[in-house]
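Structural overview for review
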Amino acid sequence: MKKQIPTLLPQQIAAFRKKVWSCYKKHKRQLPFRETNDPYAITVSEIMLQQTQVNRVIEKYTTWLSHLPDWESLAHASNRRVLSLWSGLGYN
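An account of the accompanying structure is given in this report. Computed from a predicted structure; not experimentally measured.

**Examining the overall build of the chain**
- Counting secondary structure elements, the chain contains 5 helices and 0 strands.
- Put simply, the chain runs from its N terminus to its C terminus through helices and strands in the order α-α-α-α-α.
- Dimensions of the chain, computed from C-alpha atoms along their principal axes, come out at roughly 55 × 40 × 25 Å.
- When each of the 92 residues of the chain is scored for burial, the buried share is 20%.
- Element-wise, carbon and sulfur atoms account for 56% of the exposed surface of the chain, whose accessible area totals about 7700 Å².
- Charge separation in the chain, taken as the distance between the mean sites of 14 positive and 6 negative side-chain charges, equals 18 Å.

**Description of the environment of P6**
- Mapped onto the secondary structure, P6 falls in the segment before α1 (10-27).
- It is 30 Å that separates the C-alpha atoms of P6 and H27, two residues lying 21 residues apart in sequence.

**Considerations on the side chain of S45**
- Positionally, S45 belongs in helix α2 (residues 39-51).
- The exposure class assigned to S45 is buried, which follows from its relative accessible area of 3%.
- Residue contacts for S45: discarding those within four places in its chain leaves F33 and Y61.

**Examining the packing of aromatic side chains**
- If you walk through the whole model with that rule in mind, you get 4 aromatic pairs.
- Each ring, one from F33 and one from Y61, has its centre 5.3 Å from the other, and the planes form 85°; the classification is edge-to-face. Here Y61 lies in helix α3 (residues 54-67) and F33 lies in the loop between α1 and α2, a separation of 28 residues in the sequence. Take F33 and Y61: they sit in the same class, and that class is buried.
- Summarising the aromatic geometry, the rings of Y40 and W71 are spaced 4.8 Å apart at their centres and angled 75° between planes, so their arrangement reads as edge-to-face. Placement of the pair is Y40 in helix α2 and W71 in helix α4 (residues 71-76), with a sequence separation of 31 residues.

**What about the nonpolar core?**
- Of all hydrophobic cores here, the largest spans 15 residues; its most connected members are V44, M48, V57, Y61, W64 and L68.
- Those elements that provide at least two residues to this core are α2, α3 and α5 (79-86).
- For this core, the leading source of residues is α2, giving 4 residues.
- Those residues in contact with M48 that lie beyond four places of it in its chain are V57, K60, Y61, W64, W86 and L89.

Cut-off values and rules
- Numbers given for residues are sequential positions, taken from 1 along each chain in its written order.
- Local features in this predicted model are restricted to residues of pLDDT 70 or higher, and side-chain atom pairs are both shown and tallied only at a pLDDT of 80 or more, whereas totals for entire chains, interfaces and linings draw on every residue.
- Just so you know, side-chain values use all the structure's heavy atoms and leave hydrogens and water out.
- Runs of H or I in DSSP of at least four residues are treated as helices and runs of E of at least two as strands, each being numbered from the N terminus.
- Remark: exposure states derive from per-residue accessible area (1.4 Å probe, protein chains only) relative to the maximum for the residue type, with buried under 20%, exposed over 50%, and partly exposed in between.
- Calculation of accessible area relied on Shrake-Rupley with a 1.4 Å probe; when residues are assessed, cover is drawn exclusively from the protein chains displayed.
- Charged residues are defined narrowly, with Lys and Arg counted positive, Asp and Glu counted negative, and His plus the chain ends left uncounted.
- By convention, charge coordinates are those of NZ in Lys, CZ in Arg, CG in Asp, or CD in Glu.
- We call two residues in contact when some of their heavy atoms are within 4.5 Å.
- Only Phe, Tyr and Trp rings are paired, with Trp represented by its six-membered ring, and only when their centres lie within 6.5 Å; those with planes under 30 degrees apart are stacked, over 60 edge-to-face, the remainder tilted.
- To define a nonpolar core, start from buried Ala, Val, Leu, Ile, Met, Phe, Trp, Tyr and Cys residues and group those joined through side-chain atoms within 4.5 Å.

Below, the structure written as structure tokens:
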């Protein structure tokens, strides 16, 4: 017999969202990748954050963007350059 998943009421969903948002506002960290709307920079941070801890990503993220600030510069960078900037983040 298949177990049924209970349906949440809209007010339950709203209360949960409010609780999560309140917790975030109270405990959030200032991180450079939270202060941009640039899709490239966000993509770089998301990929980096999949591989290692936030504290290690912050410095690498800033360095990466100073050397490869956009898709075009990344596309023209040598493999050696990309790997040297990525080194220390986990698997290549």
